[in-house]
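# Coordinates in review
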Amino acid sequence: MSKRTVILFAVVCILAAAVAGLYVMKKTGKGSDGGDAPVQKPSVSSVAPGAKDPGRKKATTVKHTQLADNKKSVAGKKPSAGKKYVVPVEELDEVDRITKPLDDAMESDNNAAILAQAKLLMKHPNPEVRKEVVFALDWVGLEALDLITAMLGDTDEEVSTEVLSAWSSTISEISDQTAKRNLIAQAIVSQQEVLSDEAFEELTDTAGFELDEPNDLWAYMEVLRYTDESNVKRMEILRDAINGILEEEVNTKQELLKSGQETYDRLVKEQQEEEADDDGNA
């Protein structure tokens, strides 16, 4: 065999090997660099929908975030793919039947309807129903503050705890200190007769946490004016709060009001002078 024939044969072999390699790579889905083929991007329909406004601090439970699809599914009946399954009213339990209009209003994000339903159910004898009302009012936020305040004296311990939490978180949304102090004081005073001592203390703590000086002192004194001095526990709570701001320690209601007013006036004057200095240096 001549040298030229050997060279031609070798070239043919190389070309054949290259073609075979390309054919194998195509069958196995490999790229020319030997890496895996790119993963197909998910379709838009497979991407989870965006969450509720992240600035809104109130988190929702599974029941309310997927209200229609996950509302106590009936055994053996599951929603078909891409189709919403609505549980028949007759198959809901008692609490869900009662609160269904409230749930529907939440699902449609209709605050007016939520408030209307809440007014109807906020004094329902079943505490589980009242819990649902608290959740809905907490969802609404500031617009529901009056109704949340009206529920502060709930006799059920669990409901009371949830109301206090909703009230505190809603109050925190208010930025204006004067408005906030007035609402806090009014809430404690208006519900004082039905509040437990624990709830009274928690609301007072909220005043101290949410308000700056001298607004916290103003709120304490406003509540003190409407507090019976014979109520040892509540006087102790207010005395500790006010004495924590005063430069002296006083005990009786009249002494607390007198020293509190003097301190409040001084703090307001100092605050005004500081603001005037800041304006002059600006």
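As the structure is a prediction and not an experimental result, all values here were calculated from the model.

Let us look at the overall build of the protein chain. Along the protein chain, the regular secondary structure elements total twelve helices and zero strands. Traced from its N-terminal end to its C-terminal end, the protein chain shows the element sequence α-α-α-α-α-α-α-α-α-α-α-α. In the protein chain, which comprises 282 residues, the share counted as buried stands at 36%. For the protein chain, contacts bridging at least 24 residues in sequence account for 59% of all contacts bridging at least 6.

So, about the nonpolar core. In terms of nonpolar packing, the biggest core is built from 59 residues, with Ile-114, Val-133, Leu-137, Leu-152, Trp-167 and Ile-242 touching the most fellow members. For this core, the element with the most residues is helix 5 (residues 127–140), which contributes eight residues. In contact with Ile-114, not counting residues within four places along its chain, are Leu-102, Ala-105, Met-106, Ala-136, Trp-139 and Val-140.

Turning to the side chain of Asp-154, a few remarks are in order. You can see Asp-154 is positioned in the loop between helix 6 (145–150) and helix 7 (157–171). Note on Asp-154: relative accessible area 15%, which makes it buried. Engagement of the side chain of Asp-154 in a polar contact is seen with the backbone nitrogen of Asp-156, the distance being 2.8 Å. Those residues in contact with Asp-154, other than ones at most four positions away along the chain, are Arg-130, Val-159 and Ser-160.

A side chain with one charge may pair with a side chain of the opposite charge, provided their charged atoms come close. With the rule as written, the count across this model stands at ten salt bridges. For Arg-225, the salt bridge goes to Glu-222, with nearest N and O atoms at 3.1 Å. Residue Arg-225 and its partner Glu-222 are located together in helix 10 (residues 215–225), separated by three residues, close to a single helical turn. Ionic contacts of the salt-bridge type, sharing partners, join the residues Glu-128, Lys-131 and Glu-158 into one network.

The predicted coordinates of low-pLDDT regions are not to be read in fine detail. Considering every residue of the protein chain, the mean pLDDT works out to 77; 67% of them sit at 70 or more. Looking over the protein chain, one finds the lowest element-wise mean pLDDT in helix 2 (residues 62–65), namely 42, and the highest in helix 10, namely 98. The low-confidence segment residues 22–87, where pLDDT is below 50, has 61 contacts with residues more than four positions distant or belonging to other chains.

This paragraph deals with unusual backbone geometry. Excluding glycine, most residues fall at negative phi; most peptide bonds, likewise, are trans. Cis peptide bonds are those with omega within 30 degrees of zero, and the linkage from Glu-213 to Pro-214 qualifies with 5°. In this structure, Pro-214 sits in the loop between helix 9 (197–210) and helix 10. The phi angle at Asp-109 is positive, at roughly 55°, despite the residue not being glycine. Here Asp-109 is to be found in the loop between helix 3 (94–107) and helix 4 (111–121).

Once that is clear, we can look at the side chain of Lys-131. With respect to the helices, strands and loops of the structure, Lys-131 is situated in helix 5. Side chain to side chain, Lys-131 and Glu-158 meet in a polar contact 2.3 Å long. With residues near it in sequence (within four places) discarded, Lys-131 still touches Glu-158, Val-159 and Glu-162.

Our next topic: helix 7. With 15 residues, helix 7 extends 21 Å from end C-alpha to end C-alpha; this agrees with the ideal 21 Å at 1.5 Å per step. Lining the buried residues of helix 7 we find helix 5, helix 6, helix 8 (177–190) and helix 9. In this structure Asp-156 caps helix 7, since a side-chain oxygen of it lies 3.1 Å from the backbone nitrogen of Glu-158.

Thresholds applied
- Residues numbered from 1 in each chain as written.
- Predicted model: local features only at pLDDT ≥ 70, side-chain atom pairs only at ≥ 80, totals over all residues.
- Heavy atoms only, no water.
- Helix = DSSP H or I, 4+ residues; strand = E, 2+ residues; numbered from the N terminus.
- Buried < 20%, exposed > 50% of the residue type's maximum accessible area, 1.4 Å probe, protein only.
- Contact = heavy atoms within 4.5 Å.
- Core = buried A, V, L, I, M, F, W, Y, C linked by side-chain atoms within 4.5 Å.
- Polar contact = N/O pair within 3.5 Å; in protein donor to acceptor, adjacent residues only side chain to side chain.
- Salt bridge = Lys/Arg side-chain N within 4 Å of Asp/Glu carboxyl O.
- pLDDT = per-residue confidence, 0-100.
- Expected span 1.5 Å × (residues − 1).

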